[in-house]
Amino acid sequence: MIPLIAASVLSADFSRLGEELQALSAADIIHLDLMDGHYVPNLSFGYPLVQCIRKHTDKALDAHLMVTNPEAYVDPLTEIGVQYLSFHQETVYHPHRLIQRIKANGIKAGLALNPGTPLGTIEALLPDLDFVLIMSVNPGYSAQSFIPNVIRKISELDAIRKQYYPELQIEVDGGVNDTNSSTLINSGADILVSASFIFKSDNYSNTINSLKGI
Ligand code: DX5
Ligand code: ZN
């Protein structure tokens, strides 16, 4: 199966963001890493930049919230026009309620799972989720090394969703490159996020196609 590629602009050259977005024509989705300097040590960007990105691409926007108060971001990001929204379950008391709120806004709701968090912790939420974002690095930075243990988690989730939730999408985020992409796809990944592997390359389309295996 050919996966969707979500290009994370975290590694883009922000001084030439318009050109960078144009060069991502082969990508299916634009992945937005919102970091608040509290949940993760890094600080990335906020609404003004997301608005600017919305104006310069027609692709679906996928906001990955690495913030301690994801509830506050749902309505502003809905107004800007994102299509996917994920948050980390340990950042909220009531993840089920927040998933319903995101879906009520007409957005695909996802839960992000850190490398050290077992799949079992989100099992009760799977019926309500549109996608699970499996982190294959610890959140906070691009260009970190892929953590191979997560492959087992992807396979486990793939087996569960095949049996019970065939519509659930599996997104994998962190350290994705052309040496691990085929294993990730074969394990069940539907969406591959990539920042540094795309942006450090000379030809983004060729690099994205190499992740798709085409
Ligand atoms: C990490 C972010 C990732 C990151 C991926 O906290 O969630 O989306 O941008 O970067 P690479 O592909 O370079 O590992
Ligand atoms: Zn991300």
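Coordinates for the structure precede this section.
Residues numbered from 1 in each chain as written. Chains lettered and ligands numbered in written order. Predicted model: local features only at pLDDT ≥ 70, side-chain atom pairs only at ≥ 80, totals over all residues. Heavy atoms only, no water.

Explain the site of ligand 1 residue by residue, including any values.
The local shell around ligand 1 holds 20 residues, among which Gly140, Ala143, Asp173, Gly175 and Ser196 are the closest. At 3.1 Å, a side-chain N or O of Ser8 approaches an oxygen atom of ligand 1. A distance of 2.8 Å separates an oxygen atom of ligand 1 from a polar backbone atom of Gly140. If ligand 1 stood free it would expose 390 Å²; the protein chains cover 100% of that surface. If you list the elements that add at least two residues to the shell around ligand 1, you get β2 (29-35), β3 (60-66) and β8 (191-194). Ranked by the residues each element gives to the shell around ligand 1, the list is headed by β2, at three residues. (Near = heavy atom within 4 Å. Polar contact = N/O pair within 3.5 Å; in protein donor to acceptor, adjacent residues only side chain to side chain. Areas by Shrake-Rupley, 256 points an atom, 1.4 Å probe, with all protein chains shown as cover. Helix = DSSP H or I, 4+ residues; strand = E, 2+ residues; numbered from the N terminus.)

So, the coordination of the zinc ion (ligand 2): which residues are in play, and what are the values?
Coordination of the zinc ion (ligand 2) by the protein involves His31 (NE2), Asp33 (OD), His64 (ND1) and Asp173 (OD), with metal-donor separations of 2.1 to 2.3 Å. Of note is the zinc ion (ligand 2), whose six donor atoms meet at the metal with angles of 71 to 169 degrees in an arrangement that counts as octahedral. The motif formed by the donor residues of the zinc ion (ligand 2), counted along the single chain, is H-x1-D-x30-H-x108-D. Per residue, the accessibility class of His31 equals that of Asp33, and both read buried. (Donors = N, O, S within 2.8 Å, 3.2 Å for Na, K, Ca; no water. Tetrahedral: all angles 85-135°; square planar, octahedral: opposite > 155°, others 65-115°. Buried < 20%, exposed > 50% of the residue type's maximum accessible area, 1.4 Å probe, protein only.)

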